Amino acid sequence: MASPYRKQVTDPQALRALAHPIRLKLLELLTVDGPATGKTLADLTGESTASVSYHVGQLAKWGLVEPAVDLARGRERPWQATSRGITWTATGDGSPEFTAASRALREQFIARRLAALDEYQRHEDEFDLTWQEAAWLGEDTGYLDPGELTEATERIKAVIAEYTNTARPRKQGARRVAFFAYAVPTYNGPN
């Protein structure tokens, strides 16, 4: 069973391995939707079972997924996430390798979420009005110090976690909702 906490990734090689769109999609499916076999994951991603097997193996190598032994039946070998997701620091051990790997993974996360937003915008009219009204895009800018920024992001993450907790019962009519947020200082030249 997956831990309700996010796994802290500290190895730059693990970050590099994760900075792959298929691996991120597989990890998301196993984290959000629960255990699945390689065939099921292949069907959901459009990848071959061989490709899925390879990428799941890479996720397992870094301890992000594991066999769901209790759910295995016959030749089926389901996989499950080991945690609610991942987290990592921007600079880690301070090495250039870690910083580059962190940026590569962050770029993949951003690309995935921007693609989801773009897909929603292209298909927005296909959602009923209730979903169109419930969807939210917003922005704001203010002056915060690093402590306030940390406090604000922790509070935002806590609110989102209340609704994305996989142990939370799924209500009838619920559908997958992607949250994407950022809080970064604006660049006004070197300080």
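Everything below is about the structure printed above this text.
Procedures and definitions
For every chain, the first residue of its written sequence is number 1, and the numbers climb from 1 along that sequence. Restriction of local features to residues with pLDDT of at least 70 applies here, the model being predicted, together with a cutoff of 80 or more for giving and counting side-chain atom pairs; totals for whole chains, interfaces and linings are based on all residues. Only heavy atoms go into the side-chain values, all of them from the structure, while hydrogens and water stay out. For the purposes of this entry, the term helix denotes a DSSP run of H or I that reaches at least four residues, the term strand denotes a run of E that reaches at least two, and both are numbered from the N terminus. The cut-offs for exposure are 20% and 50% of the maximum accessible area for each residue type, with area from a 1.4 Å probe on protein chains only; residues under the lower value are buried, those over the upper are exposed, and the others partly exposed. Using a 1.4 Å probe, accessible areas were evaluated by the Shrake-Rupley method; residue-level cover was limited to the displayed protein chains. When charges are counted, Lys and Arg contribute as positive and Asp and Glu as negative, whereas His and the chain ends are disregarded. For the purpose of locating charges, the reference atoms are NZ of Lys, CZ of Arg, CG of Asp and CD of Glu. As a rule, the C-alpha atoms of each element are fitted with a line to give its axis, helices using only the stretch in contact, and angles between N-to-C directions run from 0 to 180 degrees. Throughout, the term roughly parallel applies to angles under 35 degrees, roughly antiparallel to angles over 145, roughly perpendicular to angles from 65 to 115, and oblique to all others. Note on contacts: a residue pair qualifies if any of its non-hydrogen atoms lie within 4.5 Å across the two residues. The residue classification treats Ala, Val, Leu, Ile, Met, Phe, Trp, Tyr, Cys and Pro as nonpolar and Asp, Glu, Lys and Arg as charged. All others, Gly included, are polar. Only rings of Phe, Tyr and Trp enter the pairing, Trp through its six-membered ring, and a pair is recorded when the two centres are within 6.5 Å. The plane angle decides the type: under 30 degrees is stacked, over 60 is edge-to-face, the rest tilted. Lysine and arginine charges are scored as sitting over a ring when NZ or CZ, respectively, is within 6 Å of the ring centre and within 35 degrees of the ring normal. Grouping buried Ala, Val, Leu, Ile, Met, Phe, Trp, Tyr and Cys residues that are joined through side-chain atoms within 4.5 Å yields what is termed a nonpolar core.

## Description of the overall build of the protein chain
Step number 1: Counting secondary structure elements, the protein chain contains seven helices and four strands.
Step number 2: Written out in order from the N terminus, the α and β elements of the protein chain read β-α-α-α-α-β-β-β-α-α-α.
Step number 3: When the 191 residues of the protein chain are sorted by exposure, 25% land in the buried category.
Step number 4: Carbon and sulfur atoms make up 53% of the accessible area of the protein chain, which totals about 13800 Å².
Step number 5: If the 23 positive side-chain charges of the protein chain are averaged to one point and the 25 negative ones to another, these points end up 7 Å apart.

## Thoughts on the packing of helix H3 (residues 38-45) against helix H4 (residues 49-61)
Step number 1: Orientation of H3 relative to H4, taken along the N-to-C sense of each, is 110 degrees, at an axis distance of 9 Å. Classified by the angle between their axes, H3 and H4 sit roughly perpendicular to one another. Between H3 and H4, the residues in contact are Gly38, Lys39, Leu41, Ala42 and Thr45 and Thr49, Val52 and Val56, respectively.
Step number 2: Of the residues in the contact of H3 with H4, the class split is four nonpolar, three polar and one charged.

## A short note on the packing of aromatic side chains
Step number 1: For the structure shown, the criterion picks out two aromatic pairs.
Step number 2: Between the aromatic rings of Trp88 and Phe109, the centroid separation amounts to 5.4 Å while the plane-to-plane angle is 35 degrees, which identifies the pairing as tilted. In this pair, Trp88 is assigned in the loop between strand S4 (85-87) and helix H5 (96-123) and Phe109 in helix H5, connecting sequence segments 21 residues apart.
Step number 3: With a relative accessible area of 19%, Trp88 lands in the buried category.
Step number 4: In this structure Phe109 comes out as partly exposed when scored by relative accessible area, which is 31%.
Step number 5: Ring geometry for Tyr120 and Phe127: centres 5.2 Å apart, planes at 50 degrees, overall tilted.
Step number 6: Residue classification places Phe127 among the partly exposed residues on the basis of a relative accessible area of 21%.
Step number 7: Its guanidinium or amino end placed over the ring of Trp131, Arg175 lies 5.8 Å from that ring's centre, counting from NZ or CZ.

## Concerning the environment of Arg6
Step number 1: Position of Arg6 relative to the elements: it lies in strand S1 (residues 6-8).
Step number 2: The spatial distance from the C-alpha of Arg6 to the C-alpha of Ala181 is 17 Å, given a sequence separation of 175 residues.
Step number 3: Beyond its immediate sequence surroundings of up to four residues, Arg6 is in contact with Ser83, Arg84, Gly85, Ile86 and Thr87.

## A closer look at the side chain of Ser102
Step number 1: Inspection of the secondary structure puts Ser102 in helix H5.
Step number 2: Setting aside residues no more than four positions away along its own chain, Ser102 makes contact with Leu15, Trp88, Thr89 and Ala90.

## Focus on the nonpolar core
Step number 1: Core analysis: the largest hydrophobic core is formed by 27 residues, its most contacted members being Leu18, Leu41, Ile86 and Leu105.
Step number 2: For this core, the secondary structure elements donating two or more residues are helix H1 (12-18), helix H2 (21-32), H3, H4, strand S3 (79-81) and H5.
Step number 3: Once residues within four sequence positions are removed from consideration, Ile86 is found in contact with Arg6, Lys7, Val9, Leu18, Leu27, Leu64, Leu105 and Phe109.

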